[in-house]
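Chain residues, written in single-letter form:
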Amino acid sequence: MPLVIENLEIYTDSKKKVAVTKDGRKSFAVESRLVEWSDWIDFNLPAESYLSIDLISPTKAIHTLGLTISNDLIRTENSDPKETKYFFGISEIQIKTDHAHKKIGLFGDSLTNQGNYAAPLSIDLEKEFHCVTANYGISGNRLLHPGHSTSQWSTSFGEAGFTRFDHMIAEYQPNIVIFMEGVNDLLHPGTGAPVSELPNANALIKPFMP
């Protein structure tokens, strides 16, 4: 189902909010399985500051696009480091620049998605080496099979990692990839997924052999 956005604003100072529009409209919808870019925005983000986002949507029966445990890169109202924080609607921010920066893709399952190592690493890479990072982790994601278990979260496990990896390379075009995946291939079979899908070491290595 589509994600309906009634209002979307960004700011660093709550008194100076800037409206995010799509084709000049403050209210718009993003169709299911699609990524939509907003109109370009002239916005100054000071160094070392956080970009705050207010998103109002009547859509309730929808899976979140992201989750994090770490508060290093994304801060939500729930600041308890032991609890998962969910956010939805915005998956990527694009910036116009005259300087090319190295891009690093963080690919994997919940070990990457939850942000415990990915978020502080991303901050260090940006500060120390001016590298841009993107978190392509999906909790529950498997390398060889898509999500089709009896788990209530099965539909959010995503497509098989070896095909998703190709999509990431084509879309993001990273210079370097930090890869952490394969644990769920060993954990899911027999615990919601068919035990026949339990792979051996060669099966996990083969998709990335030259």
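See the structure above.
Residues numbered from 1 in each chain as written. Predicted model: local features only at pLDDT ≥ 70, side-chain atom pairs only at ≥ 80, totals over all residues. Heavy atoms only, no water.

A. A look at the overall build of the protein. Helices and strands together make up the secondary structure of the protein, namely 5 helices and 10 strands. Computed over the C-alpha atoms, the radius of gyration of the protein is 19 Å, within 12% of the 17 Å expected from 2.2 N^0.38 for a compact globule of 210 residues. Across its three principal directions, the C-alpha atoms of the protein cover 55 × 40 × 35 Å. Scored against the burial criterion, the 210 residues of the protein give a buried share of 29%. As presented, the protein carries roughly 13,700 Å² of accessible surface, and 55% of it is formed by carbon and sulfur atoms. One finds the centroid of the 18 positive side-chain charges in the protein at a distance of 2 Å from the centroid of its 26 negative side-chain charges. (Helix = DSSP H or I, 4+ residues; strand = E, 2+ residues; numbered from the N terminus. Rg over C-alpha atoms; globule rule 2.2 N^0.38 Å. Buried < 20%, exposed > 50% of the residue type's maximum accessible area, 1.4 Å probe, protein only. Areas by Shrake-Rupley, 256 points an atom, 1.4 Å probe, with all protein chains shown as cover. Lys, Arg positive; Asp, Glu negative; His and termini not counted. Charge placed at Lys NZ, Arg CZ, Asp CG, Glu CD.)

B. Seen up close, the environment of S139. On the secondary structure map, S139 appears in the loop between β9 (132-137) and α3 (161-172). It is 6.0 Å that separates the C-alpha atoms of S139 and N113, two residues lying 26 residues apart in sequence. In this structure, S139 is in contact with L67, D109, S110, N113, Q114, S156 and F157, ignoring residues within four places of it in sequence. Among the polar contacts made by the side chain of S139, one reaches the side chain of N113 at a distance of 2.8 Å. (Contact = heavy atoms within 4.5 Å. Polar contact = N/O pair within 3.5 Å; in protein donor to acceptor, adjacent residues only side chain to side chain.)

C. Local environment of helix α2 (residues 118-129). With 12 residues, α2 extends 15 Å from end C-alpha to end C-alpha; this agrees with the ideal 16 Å at 1.5 Å per step. For α2, the complete set of buried residues consists of A118, A119, S122 and L125. The buried residues of α2 occupy an angular sector of 125° when projected down its axis, which confines them to one face. Residues of α2 that are buried make contact with β8 (103-108), α1 (110-113) and β9. Following α2 by one or two positions, H130 adopts a phi angle in the positive range, close to 55°. (Expected span 1.5 Å × (residues − 1). Arc of directions from axis to C-beta.)

D. Main features of the sheet that holds strand β10 (residues 176-180). Read across the open sheet, the 3 strands follow the order β9-β8-β10; overall the sheet is parallel. The sheet is open, and its two borders are formed by β9 and β10, each paired with just one other strand. Ignoring strand direction, the axes of neighbouring strands in this sheet form an average angle of 15°. The pairing of β8 with β10 spans 5 bridges and is parallel. Paired with L106 across the bridge in β10 is I178. Here α2 sits on the sheet and contacts β8, β9 and β10; the angle it forms with β8, its principal contact strand, is near 170°. In this fold α3 packs onto β8, β9 and β10, with an angle of close to 165° to the strand it touches most, β8. (Pairing = 2+ DSSP bridges. Axes fitted to C-alpha atoms, helices over the stretch in contact; angles between N-to-C directions.)

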